[in-house]
Amino acid sequence: MTQPSSDSPSAGTAVGRPGGVLSGRLRVPGDKSISHRAFLISALAVGESHADGCLESDDVLATQACLRALGVEIRQTASGAYRIHGRGVHGLAPSDGVLDCGNSGTAARLLAGILAGHTFSAVLSGDTSLRSRPMRRVIDPLMAMGAEFLTSRDGRLPMTVTGTDELLPLDWNSAVPSAQVKTCVLLAGLHASGTTTVVEPRPSRDHGERMLRGFGAAVSTAAVDGGQAVSVEGNATLRPTAISVPGDVSSAAFPIVAALLADGSEVELERVGTNPTRTGVLDALRAMGADIDEEPAVGAGAEPMANLRVRGRAGGLRAVDLGPEYAPRTIDEYPALAMAAACADGVSRFRGVGELRVKESDRLEALRSGLVAAGVAARVEDDDLLIEGTPRPRGGVRIEASLDHRIAMAFLVLGTACAEPIEVGGAGTIRTSWPEFGSAMRRLGAAIDTGTAAP
Ligand code: S3P
């Protein structure tokens with residue numbers, strides 16, 4: 001059953017070198033979370049949906065390939081937009097082969113929710129990073145709804161999902177605030193007979209809810225004790241729609257931090273998604289003293305966006321203490337934020353970030369050990385990360401990306417602010433979220449050499 005996907009993105013070495021003032025404008029690539037959802041939810045609508053601004057990276061291409069294998073027709077127009085011919089809720093067809101989700105937890109977990117409502121078996125797998133990540137958090141609710149699972153050791157991929165067209169509605173208390181768990185259960189809920197509700201301890205990103213409403217699904221949200229309950233009506237019929245994907249604030253975090261760390265820099269980032277469930281990074285950087293202006297941009301869709309202007313100043317950042325309430329709306333940006341903290345004045349503390357242990361790599365450990373190797377004092381206390389900033393870290397190390405794109409980009413950015421370069425091994429993994437990272441950063445003036453790893 002095991003058919004591991006290629007780990008070739010682990011190839012390639014990149015270098016972040018000191019120096020360079022950043023200036024100019026940049027359009028960061030489309031939001032990864034929203035792009036996955038655009039393809040997956042369109043696949044369940046009856047008829048043709050349109051999506052523009054989609055991210056074209058390995059992660060999203062994996063989602064597209066899985067959907068094609070399940071009978072969904074996806075075409076790209078001359079303008080680069082996509083037309084997705086949905087087959088309706090319950091309408092996917094069995095796939096001949098393993099559904100390879102590559103490096104993408106979002107692809108695997110959201111597809112599991114959709115497959116739970118289909119009366120065939122499908123096998124989900126991925127690269128070595130994805131095969132080590134926990135799937136119990138989606139298996140448990142989906143089994144409670146009536147789907148069956150066969151997994152590798154300890155609830156990891158590869159796993160076989162056998163769905164049913166008689167899914168039961170569910171009230172599910174999610175132990176972690178996770179948009180992947182929430183969206184997975186809501187997608188399964190579309191296929192159930194009745195109302196399915198997910199309660200999360202703190203609100204996670206709401207792209208799924210916004211998009212489902214755009215397709216005509218009945219989704220409601222209620223505040224519950226600091227968290228929220230999100231419900232969807234089952235037996236749903238989704239009508240096709242047009243989706244406009246904003247730029248990814250998680251990708252924007254890297255040029256933002258690089259600009260903040262280079263004295264005299266001024267960069268403008270266009271049409272960045274500013275959904276409030278995602279903008280913890282902007283709040284955190286401003287609390288550190290960062291100069292970031294925000295001009296709302298006119299958008300067509302359900303997601304807000306803005307043009308951001310960032311100005312860097314030597315010694316311009318001070319340490320910050322971020323409470324656990326930051327975690328769900330900042331979760332993918334801690335690697336970039338950690339590099340800002342590494343150069344800030346004082347000791348920063350990121351509280352309640354234990355979920356970083358189960359990302360594309362154990363990011364808590366990768367950040368701690370990488371920072372220490374680069375000459376920055378950092379430690380982990382329970383679920384908190386502490387970083388003692390220094391104006392010009394030593395650098396002069398090689399960091400292994402270990403199939404984690406954000407660890408790779410974060411340390412390349414740090415290299416631009418160090419006394420000596422930082423080399424990143426396995427930098428090809430950057431292709432999972434931002435294939436043009438290297439050239440985009442160089443165009444702004446950052447001394448980041450990605451060779452063939454992420455041109
Ligand atoms: C995502 C949710 C987050 C995030 C991931 C994308 C999504 O994961 O870290 O990169 O698209 O729903 P969790 O839901 O596990 O927190």
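Residues numbered from 1 in each chain as written. Predicted model: local features only at pLDDT ≥ 70, side-chain atom pairs only at ≥ 80, totals over all residues. Heavy atoms only, no water.

Regarding the overall build of the protein
The helix and strand tally for the protein stands at 12 helices and 24 strands. A buried classification covers 61% of the 455 residues belonging to the protein. If you take every contact in the protein between residues at least 6 apart in sequence, the share linking residues at least 24 apart comes to 77%. A total accessible area of about 15600 Å² is found for the protein, and carbon and sulfur atoms account for 47% of it. With 44 positive and 53 negative side-chain charges, the protein shows a separation of 2 Å between the mean positions of the two kinds. (Helix = DSSP H or I, 4+ residues; strand = E, 2+ residues; numbered from the N terminus. Buried < 20%, exposed > 50% of the residue type's maximum accessible area, 1.4 Å probe, protein only. Contact = heavy atoms within 4.5 Å. Areas by Shrake-Rupley, 256 points an atom, 1.4 Å probe, with all protein chains shown as cover. Lys, Arg positive; Asp, Glu negative; His and termini not counted. Charge placed at Lys NZ, Arg CZ, Asp CG, Glu CD.)

Regarding the pattern of salt bridges
Applying the stated criterion across every chain yields a total of 37 salt bridges. Between Glu73 and Arg75 there is a salt bridge, with the nearest N and O atoms lying 3.4 Å from each other. Take Arg75: its relative accessible area is 43%, and that puts it in the partly exposed class. Across the pair Asp332 and Arg363 runs a salt bridge, and its minimum N-O distance is 3.9 Å. Residue Asp332 is located in the loop between strand S18 (321–322) and helix H9 (334–342), and its partner Arg363 is located in helix H10 (residues 363–373); the two are separated by 31 residues in the primary sequence. Taken individually, Asp332 and Arg363 each receive the classification buried, so the pair is uniform in this respect. Several salt bridges share partner residues, and in doing so they unite Arg25, Glu266, Glu268, Glu270, Asp291, Asp293, Arg309 and Arg311 into one network. (Salt bridge = Lys/Arg side-chain N within 4 Å of Asp/Glu carboxyl O.)

Some details on the packing of helix H1 (residues 32–42) against helix H2 (residues 58–69)
Packing of H1 against H2 leaves a shortest axis separation of 10 Å and a crossing angle of 10 degrees. When the axis of H1 is compared with that of H2, the two are roughly parallel. Between H1 and H2, the contacting residues are Lys32, Ser35, His36, Phe39 and Leu40 on the first element and Asp59, Val60, Thr63, Gln64 and Leu67 on the second. For the contact of H1 with H2, the residue count by class is 4 nonpolar, 4 polar and 2 charged. (Axes fitted to C-alpha atoms, helices over the stretch in contact; angles between N-to-C directions. Parallel < 35°, antiparallel > 145°, perpendicular 65-115°, else oblique. Nonpolar A, V, L, I, M, F, W, Y, C, P; charged D, E, K, R; others polar.)

Some words on the site of the ligand
Surrounding the ligand, one finds Ser33, Arg37, Thr106, Ser178, Ala179, Gln180, Arg205, Ile331, Asp332 and Lys359. Between the ligand and the protein, one listed contact pairs an oxygen atom with a side-chain N or O atom of Ser178 at 2.7 Å. When contributions to the shell around the ligand are tallied by element, the ones reaching two or more residues are H1 and helix H5 (179–190). Residue classes in the shell around the ligand are distributed as 2 nonpolar, 4 polar and 4 charged. Here the shell around the ligand gathers at least three residues from each of two domains, domain 1 (13–30 + 246–449) and domain 2 (32–243). (Near = heavy atom within 4 Å. Polar contact = N/O pair within 3.5 Å; in protein donor to acceptor, adjacent residues only side chain to side chain. Domains from an automatic or database assignment.)

Quick notes on helix H7 (residues 249–261)
In this model H7 runs 18 Å from its N-terminal to its C-terminal C-alpha over 13 residues, within 8% of the 18 Å that 1.5 Å per residue would give. Counting buried positions over the 13 residues of H7 gives 12, a clear majority of the element. Among the residues of H7, those classed as buried are Val249, Ser250, Ser251, Ala252, Ala253, Phe254, Pro255, Ile256, Val257, Ala258, Ala259 and Leu260. Where H7 begins, the capping side chain belongs to Asp248, and its oxygen is found 2.8 Å from the backbone nitrogen of Ser250. (Expected span 1.5 Å × (residues − 1).)

Looking at the sheet that holds strand S6 (residues 99–100)
Sheet architecture is open: 4 strands sit in the order S6-S7-S9-S8, paired in mixed fashion. Single-partner strands in this sheet number two, and they are S6 and strand S8 (148–151). Examined bridge by bridge, S8 and strand S9 (residues 159–162) share 4 bridges and lie antiparallel to one another. Across the sheet, residue Phe149 finds its bridge partner in S9, namely Val161. Helix-sheet contacts for helix H3 (residues 105–115) involve S6, strand S7 (121–125) and S9, and the interaxial angle to S7 is about 175 degrees. (Pairing = 2+ DSSP bridges.)

Here's the deal with the sheet that holds strand S20 (residues 377–381)
As summarised here, the arrangement of the 4 strands in space is S18-S19-S21-S20, forming an open sheet in which the pairing is mixed. The open sheet has two edge strands, S18 and S20, and neither has a second partner. Inspection of the sheet shows S20 paired to strand S21 (residues 384–388) by 5 bridges, in the antiparallel sense. In the sheet register, Val380 faces S21, and the bridge partner there is Leu385. Relative to S20, H10 is tilted by about 155 degrees, and along the sheet it contacts S20 and S21.

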